Amino acid sequence: MKKSLSTLSALFLASALFALPSPITVKAGSKPVTNGWADMGKLSYPSRNVILIDDATYPSAEKKLEAFTNAIASGSVTDSTLSHTPALIILSGTVDLSGGKVSDTDHSYFDQFDPSTHQRLHKDFMYDIGSNKAIIGIKNAKVAFGGLRIKAYEDGRKNVIIRNINFWDAHGSTEYDTSIPQYMTKKASADQLVIEGIEDKSTKSRYLYVPEDIWIDHCTFSDGLCSDLDRNFNHDGALDIKCGKNITISFCEFTNHDKVTLSGSSDKFTDPSEREVTFHNNYYHGCVQRMPRTRGGYFHLYNNVFDDIGTKNNSGASLGPGIGAQFIVENNFFGNHAGKILKAQDSSEPSDSTFYKIYASGNSPELTKSNSEGFEAHQVTKKPWNIPYKYSLQNAIKAHFDVMEQAGCGAEVSFQLKGSRKNQQF
């Protein structure tokens, strides 16, 4: 894992650079504890149907891609009737979601446009995940050159666990050819992982179907070998959460990416109950903005580390609370920022019920008028909502060092399985 170091963390150079994430345990049939919103749902590991996706079983990259995408969906990825059949999917090595059309050194597949309309010729590579799926990475598991989606169709979408996966360069195409002057501001729509629902067309301000009970843990998200933080033509979100209830994002590493997490796709979505998300013990470094950028929702951020944020030409901001958001920000470490730590994104008035609220305590440094744009007008002295799950706080400085060592993929995994695979080693 790439680790950026602030002045303080340089004192811990040896331990931080060579430490691996803490080992994780997967117990089939059990209910994991996430210390976040996901604990309030019915999250559990599947107790049967263990599927191993590795290079020994699938030496062909094409067959491995087919096996992986079929396993996570348990049905066609082109319809809305994905199976709810439980599956514990163990992934080893790399899955190329582009099917060989993209590589670290060749992105030309996404540089092709219609010469008359200037629209892109190729869509992003995106694959759906069904309900009751746990995707666990071992031996440097990686999904590359595409994205995964947890979308609540008419049959719902619940109980998804993703741990120890390296999400690498979702690289897509801009909608139009940006070499044409009138389209030079267009960007890509490629997300590495997105959680979303189906909008209620009658109101256009609510979701008919919302994903529930999701845990993303010990994953790494980056643009791979791409380096375009000043403009970021070919990437969109690292982990977008347009809507979702009972979601925990923990011990993940986000690096080399511009727009990290958008929650709420537009200002018309202001109902907090449609977004219940906890971010804890995550390590953001070498990123620019949206950690997260939100609309209405109940958001709890604790013991996260934000360092080396923004560039000279794209200063960004770690936190972007917007209309209707209800923030609780506790014991986070805010290191070097090219711009502000927080930049308010709320166009409503103080007298409006949608005027966002933020409670901040125990952070290092604390959020102030000087380091956070639009903070004081929204600051409240009492938590704007009652946290329903159990969690414990570390001192922000101690969390800084611990998170740098523990966050991201690459952990050793132990499995406690049932049946014929009970004693099998992976």
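Attention in this report is confined to the structure presented alongside it. If you're wondering where the values come from, they're calculated on a predicted model, not measured in any experiment. Each chain has its residues counted from 1, following the order in which its sequence is written. Note on the predicted model: pLDDT of at least 70 is required for a residue's local features to be given, and 80 or more for side-chain atom pairs to be given and counted; whole-chain, interface and lining totals, by contrast, use all residues. Side-chain calculation: all heavy atoms of the structure are included, whereas hydrogens and water are not.

**Some thoughts on the pairing of strand S12 (residues 212-217)**
Between buried and exposed lies partly exposed: a residue is buried under 20% and exposed over 50% of the maximum accessible area for its type, with that area taken using a 1.4 Å probe on protein chains only. Each helix corresponds to a stretch of at least 4 residues labelled H or I by DSSP, and each strand to a stretch of at least 2 residues labelled E; elements are numbered beginning at the N terminus. The element S12 is largely enclosed, with a buried count of five among its six residues. One ladder, built from five bridges, connects strand S7 (residues 158-163) with S12; its direction is parallel. When the sheet's bridge partners are listed, Ile162 is paired in S12 with Ile216. Two strands make a pair as long as DSSP finds a minimum of two bridges between them.

**Some points on the pairing of strand S29 (residues 413-416)**
Every second residue of S29 is oriented toward a common face, the buried set being Val413 and Phe415 and the non-buried set Ser414 and Gln416. Here four bridges tie strand S1 (residues 24-27) to S29, and the two strands are oriented parallel to one another. Counterpart to Val26 in the pairing with S29 is Phe415.

**Focus: the layout of surface pockets**
In this analysis, the protein atoms alone were mapped onto a 1 Å grid. Cavities are point sets where a 1.4 Å probe fits without being able to get out; pockets are open sets with protein on both sides within 12 Å along at least five of seven lines; lining residues have an atom within 4 Å of a point. Grid points are joined across faces, edges and corners, and a volume is the space filled by probe spheres set on the points. Roughly 250 Å³ of internal volume is contained in the second largest pocket. Considering the residues around the second largest pocket, the lining is formed by 14 residues, among which Ile138, Lys139, Glu412, Val413 and Phe426 are closest to the centre. Going through the elements one at a time, strand S5 (133-144) and S29 are the ones with two or more residues in the lining of the second largest pocket. Within the lining of the second largest pocket, the residues separate by chemical class into five nonpolar, six polar and three charged. Under the convention adopted here, Pro, Cys and the residues Ala, Val, Leu, Ile, Met, Phe, Trp and Tyr are nonpolar, Asp, Glu, Lys and Arg are charged, and Gly plus all remaining residues are polar.

**Some words on helix H3 (residues 396-406)**
Buried residues of H3: Ala396, Ala399, His400, Phe401, Asp402, Val403 and Met404, and no others. With its phi angle positive at about 100 degrees, Gly408 sits one or two positions after the end of H3.

**Description of the packing of aromatic side chains**
Here the aromatic set is Phe, Tyr and Trp, taking the six-membered ring for Trp, and pairing holds for ring centres within 6.5 Å; pairs whose planes are under 30 degrees apart are stacked, those over 60 apart are edge-to-face, and all others are tilted. Per the stated rule, a full pass over the model turns up 17 aromatic pairs. Arranged with centres 5.2 Å apart and planes meeting at 80 degrees, the rings of Tyr109 and Phe110 form a pair that is edge-to-face. There is no split in this pair, since Tyr109 and Phe110 are both buried. Clustering of aromatic rings is evident, with ring pairs tying together Trp37, Tyr298, Tyr302, Trp385, Tyr389 and Tyr391. The criterion is that NZ of a Lys, or CZ of an Arg, lies within 6 Å of the ring centre and within 35 degrees of the ring normal, and then a charge sits over that ring. Residue placement shows Lys142 over the ring face of Trp168; its charged tip is 4.2 Å from the ring centre. Stacked on the ring of Phe233, the Lys or Arg Arg231 has its end atom at 3.8 Å from the ring centre.

**Description of the sheet that holds strand S9 (residues 193-196)**
Each strand in a sheet pairs with another by means of backbone hydrogen bonds, the pair being arranged parallel or else antiparallel. The strand order S4-S6-S9-S14 describes an open sheet built from four strands, whose pairing is parallel. This sheet does not close on itself; its edge strands, each paired only once, are strand S4 (126-128) and strand S14 (239-241). Averaged over neighbouring strand pairs, the angle between their axes works out to 20 degrees when direction is ignored. The sheet contact formed by S4 and strand S6 (residues 147-151) spans three bridges and is parallel. Residue pairing in the sheet places Met126 in a bridge with Gly147 of S6. To get an axis, a line is fitted to the C-alpha atoms, and for a helix only the part in contact is used. The angle between two axes follows their N-to-C directions and goes from 0 to 180 degrees.

**Re the nonpolar core**
Counting residues in hydrophobic clusters, the biggest one holds 64 residues, and the most contacted among them are Phe68, Ile162, Phe221, Ile249 and Phe254. Ranked by residue count, the leading element in this core is helix H2 (residues 61-73), at five residues. Contact definition: two residues touch when any of their heavy atoms are within 4.5 Å. Other than its neighbours up to four places away in sequence, Ile249 contacts Ile216, Leu239, Ile241, Phe254, Val277, Thr278, Phe279, His280 and Asn282. Side-chain atoms within 4.5 Å link the members of a nonpolar core, which is a set of buried Ala, Val, Leu, Ile, Met, Phe, Trp, Tyr and Cys residues. Val26, Ala38, Leu88 and Leu417 belong to the second-largest nonpolar core, a separate cluster that totals 18 residues.

**Focus on the side chain of Asn256**
Among the structural elements, Asn256 can be located in strand S16 (residues 253-259). A relative accessible area of 13% means that Asn256 is categorised as buried. In contact with Asn256, other than residues within four places in its own chain, are Ser222, Asp223, Gly224, Cys226, Ser227, Leu229, His285, Gly286 and Cys287.

As far as function goes, none of this settles anything; it's purely spatial.
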